[in-house]
Amino acid sequence: MQGLEVGTRLRYRLTLASGMLECLGFAGVVFGFASLVFVLKEDGYFSHLCVSVPGTNGTKTTTDCTMQDEQFSLVFTVASFLNNFMTLINGYLFDRFGTMVTRLLAISLYTTGTILVAFSSAAYSELLYPALSCIAVGGILLLLTNMQVGNLFSSHRSTIITLYNGAFDSSSAVFLIIKVLHEQGISLRSSLLVLSSCSVIHLLRTFLLMPKTHIPYPLPQHFTYGLNCRKDNTYNVEQFERMKDGGVIASQESPAEPEDQAQAQDSENVASFRSCVLSWFFLWHLLWLSIMQLRHYLFIGTLNPMLNRLAENDPDLVSQYTNAFAITQLFGVLCAPWNGLLMDRHKGKPLAPGETALEADLRSSSLSLLLTSVQCLLFSLCASFPLLPLQYITFVLQVINRSFLYGGNAAFISIAFPACHFGKLYGLLMALSAIISLLQYPCFALVKGALHGDPFLVDAALSLLSLLVFIHPLYVFIHCRKVARQREDYTQSDNNGSKMAEAEF
């Protein structure tokens, strides 16, 4: 038995480490689009949209590539939209069919996308639309199946979830590596074919180090998974969640009641998917996520034309700042765990009298949500000022806030809602926020058109809009205070009742 336990722990750690590498090297590469655009422009993608503008008063003829920039912006808009919107369907598939089916779909999409980019060219620039979309959807699916690994380490659950989301953000630096290799003479096709061949690693990990269905929470004793296990202790997450809640309530209220009757009665205590969606937690969290995500998507999608404008079309200076932005993305994996540690800081400490673990988790999440909101406001303000050196600070704030945003998003869903609805709620949130993120393209068109390339008014409007994200942490904080006050009132009334009963006796 001891050998089995050691082997199980080793498998858990290998799953954790390999999932970290998978998210770091593949899952979020699409968000390194600013580096990829630099390569694509050099290879002539959408170059037919550039037009020559004759100079006035004997000045040189200039080239206007506004339409080319709009096409690249549209490619990223479509990819980022599908990255989130398809999570609605993918979350249902994950909850319904389990990890293996979901990962096989993810690997198929990811491989298709990388092959399409590899065999695209300036003459077939339109292939970027399906290619980047497949890479985006496949990547978010890999992240979705990996976040459940946090259930293997209950005392560090939020930390691991945020760590994986940080690795997802840092993987955007993969396109920086491709950009550097391209400058050294290695073609885009060769780099993407190598990336595509790594799908073999994803397949091996799917069969050897991931469960066929799900990893439940809390984790049952001696839970095992993988192809080589003699007995795969797989569980239906919804059934396990109901049994868990039913068992706790039954032991408190009616210990003499038969187990099957207790489970049948108490299964109703798990909140329905509909009630979760209609809750204030879900609605304020959706607003919180949508506004900040729109700000980040617009910044990433318009980074290249923004740098060209501030650097006065100096290609060397634009390349320098593009590299700086991509390098800062590498540090997302170092920033995200701090958010998880913030949310897990109460673990291992005694709970307040009468306080449940869920209440303690929510109380910890309110500070995380507030800190993320403050970061977004500072990032948006820095991005609004048209000063090129200031963009170094903007890059740092952007990667910190993005790491906190997506890690905190997944961690909050896992805390505030039942585990049996995680995939569906995560998918619905990402899908609804994706609809809001479509506003990035009209914003870009507005800047290029009516505002004549000056994004200051749009940036200022988004900074004002960012003030709304503070509603969510405030609501969670008020909710926790209200629950604590109700518990104190109940405890006092219960104590008074006991004293009166003793006096009468």
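Reading the values: the criteria
Residues numbered from 1 in each chain as written. Predicted model: local features only at pLDDT ≥ 70, side-chain atom pairs only at ≥ 80, totals over all residues. Heavy atoms only, no water. Helix = DSSP H or I, 4+ residues; strand = E, 2+ residues; numbered from the N terminus. Buried < 20%, exposed > 50% of the residue type's maximum accessible area, 1.4 Å probe, protein only. Contact = heavy atoms within 4.5 Å. Areas by Shrake-Rupley, 256 points an atom, 1.4 Å probe, with all protein chains shown as cover. Salt bridge = Lys/Arg side-chain N within 4 Å of Asp/Glu carboxyl O. Polar contact = N/O pair within 3.5 Å; in protein donor to acceptor, adjacent residues only side chain to side chain. Core = buried A, V, L, I, M, F, W, Y, C linked by side-chain atoms within 4.5 Å. Expected span 1.5 Å × (residues − 1). 1 Å grid on protein atoms, 1.4 Å probe; cavity = no way out; pocket = protein on both sides within 12 Å on 5 of 7 lines; lining within 4 Å. Points joined across faces, edges and corners; volume = space filled by probe spheres on them. Nonpolar A, V, L, I, M, F, W, Y, C, P; charged D, E, K, R; others polar. Phe/Tyr/Trp six-rings, centres within 6.5 Å; stacked < 30°, edge-to-face > 60°. Axes fitted to C-alpha atoms, helices over the stretch in contact; angles between N-to-C directions. Parallel < 35°, antiparallel > 145°, perpendicular 65-115°, else oblique. Left-handed = near helix turned anticlockwise from the far one by under 90°. Disulfide = S-S within 2.5 Å. Patch = residues over 30% accessible without salt bridge, like charges linked within 9 Å, V, L, I, M, F, W, Y side chains within 5 Å.

J.: I keep staring at the overall build of the protein chain and nothing clicks. Help me out?
T.: Of the regular secondary structure elements, the protein chain holds 23 helices and 2 strands. Residue burial in the protein chain is summarised as follows: out of 505 residues, 53% are buried. Restricting to contacts in the protein chain with at least 6 residues of sequence separation, those with at least 24 account for 80%. With the model as given, the accessible surface of the protein chain reaches about 22,800 Å², and the carbon-plus-sulfur share is 65%.

J.: Before we go on, may I ask you to explain the pattern of salt bridges in this structure?
T.: Two side chains of opposite charge can pair, provided their charged atoms sit close to one another. Evaluated as defined, the whole model comprises 7 salt bridges. A salt bridge links Glu22 to Arg205; the nearest nitrogen and oxygen atoms lie 3.1 Å apart. Here the residue Glu22 occupies a position in helix H1 (residues 2-27), and Arg205 occupies one in helix H10 (residues 199-208), the gap between them amounting to 183 residues. By the burial criterion, Glu22 is buried, and Arg205 matches it. In the salt-bridge network here, residues are joined through shared partners; they are Glu22, Arg103 and Arg205.

J.: Help me out: how do you make sense of the side chain of Asn409 in this one?
T.: Mapped onto the elements, Asn409 comes out in helix H19 (residues 391-416). Judged by its relative accessible area of 0%, Asn409 is buried. Looking at Asn409, its side chain comes within polar contact range of the side chain of His285, at 2.8 Å. Once residues within four sequence positions are removed from consideration, Asn409 is found in contact with His285, Trp288, Leu289, Phe404, Tyr426, Leu429 and Met430.

J.: I'm lost on the nonpolar core in this one. Help?
T.: In summary, soluble globular proteins display a tendency toward joint burial of nonpolar side chains. Core analysis: the biggest nonpolar cluster contains 104 residues, and Leu132, Leu188 and Tyr426 have the highest contact counts within it. The dominant element in this core, judged by the number of residues it contributes, is helix H6 (residues 128-146), at 11 residues. The contacts of Tyr426, once residues within four sequence positions are left out, are Thr87, Ile140, Leu143, Leu144, Met147, Asn409, Ala410 and Ile413. Ranked by size, the runner-up nonpolar core spans 7 residues in total, among them Leu294, Leu298, Leu451 and Leu462.

J.: What's the story with H19 in this structure? I'm lost.
T.: Since the α-helix packs 3.6 residues into each turn, any two residues three or four apart lie on the same face. An ideal rise of 1.5 Å per residue puts 38 Å on 26 residues; H19 measures up with 36 Å between its terminal C-alpha atoms. With 22 of 26 residues buried, H19 lies mostly within the body of the structure.

J.: How should I be thinking about empty space enclosed by the protein in this particular structure?
T.: One simple way to see leftover space: roll a probe sized like a water molecule over the atoms. All chains considered together, the criterion is met by 4 cavities of 30 Å³ or more. The calculated volume of the largest cavity comes to roughly 210 Å³. As for the largest cavity, its lining consists of 19 residues, of which Gln148, Asn151, Ile215, Ala419 and Phe422 are closest to the centre. Taken together, the residues of the lining of the largest cavity break down into 12 nonpolar, 5 polar and 2 charged. If you trace the second largest cavity, you find 13 residues lining it, with Val37, Phe72, Gly301, Asn304 and Pro305 closest to the centre. Among the elements that take part in the lining of the second largest cavity, helix H2 (residues 33-42) stands out by supplying 4 residues, more than any other.

J.: How do you make sense of the layout of surface pockets when you look at a structure like this?
T.: Approximately 920 Å³ is the volume attributed to the second largest pocket. Together, 39 residues line the second largest pocket, and Asp69, Pro305, Asn308, Arg309 and Lys448 are the ones closest to its centre. Along the lines of polarity and charge, the residues of the lining of the second largest pocket split into 18 nonpolar, 11 polar and 10 charged.

J.: Is there a simple way to think about the packing of aromatic side chains in this case?
T.: The relation between two aromatic rings is expressed through the spacing of the ring centres and the mutual angle of the planes. Following the criterion strictly, the structure yields 20 aromatic pairs and no others. Ring centres 5.6 Å apart and planes at 25° place the aromatic pair Phe31 and Tyr297 in the stacked group. With a gap of 266 residues between them, Phe31 in the loop between H1 and H2 and Tyr297 in helix H14 (residues 280-301) connect regions that are remote in the sequence. Comparing Phe31 with Tyr297, the two get one shared label, buried. When the ring of Phe281 is compared with that of Phe412, the centres are 5.9 Å apart and the planes differ by 80°; the resulting orientation is edge-to-face. Within this pair, whereas Phe281 is found in helix H14, its partner Phe412 is found in helix H19, the two being separated by 131 residues in sequence. Residue classification places Phe412 among the buried residues on the basis of a relative accessible area of 0%.

J.: Sorry, what's going on with the packing of helix H16 (residues 315-329) against H19 here?
T.: Packed helix pairs are characterised by how far apart their axes lie and by the angle those axes make with each other. Relative to each other, H16 and H19 sit at 25°, their axes nearing to 9 Å. In terms of their interaxial angle, H16 and H19 are classed as roughly parallel. Remark: the crossing between H16 and H19 carries right-handed chirality. Taken together, the residues of H19 that come into contact with H16 (itself represented by Gln320, Tyr321, Ala324, Phe325, Thr328 and Gln329) are Gln391, Tyr392, Phe395, Gln398 and Val399. When its residues are assigned to classes, the contact of H16 with H19 shows 6 nonpolar, 5 polar and no charged.

J.: How should the state of the cysteines be read in this particular structure?
T.: Here, disulfide denotes a covalent bond that connects the sulfur atoms of two cysteines. By the definition in use, this model includes 1 disulfide. What pairs with Cys50 in a disulfide is Cys65, and their sulfur atoms sit 2.1 Å apart. Looking along the S-S bond of the Cys50-Cys65 disulfide, the torsion reads about 120°, which is the right-handed sense. One end of the pair, Cys50, is in the loop between H2 and strand E1 (51-53); the other, Cys65, is in the loop between strand E2 (62-64) and helix H3 (66-85), with 15 residues separating them in the sequence. Look at Cys65 and you get partly exposed, because its relative accessible area is 23%.

J.: Just to check I follow, could you spell out a nonpolar patch on the surface for this structure?
T.: There is a patch of nonpolar side chains on the surface, built from Leu367, Leu370, Val374, Leu378, Leu381, Phe385 and Leu387 and spanning about 580 Å² of accessible area. In this fold, Leu367 is placed in helix H18 (residues 357-384).

J.: How should the environment of Ala326 be read in this particular structure?
T.: Tracing the backbone through its elements, the reader meets Ala326 in helix H16. The exposure class of Ala326 is buried, given its relative accessible area of 3%. Taking the C-alpha atoms as reference, Ala326 lies 8.0 Å from Ala34; in sequence the two are 292 residues apart. Residues within four places of Ala326 in sequence aside, it is in contact with Ser35, Ala173 and Leu176.

J.: Would you mind showing me how to read the environment of Gly449 here?
T.: Counting through the fold element by element, Gly449 comes out in the loop between helix H21 (440-448) and helix H22 (456-465). Since its relative accessible area comes to 35%, Gly449 is described here as partly exposed. A sequence separation of 383 residues divides Gly449 from Thr66, and the C-alpha atoms of the two residues are 9.7 Å apart.

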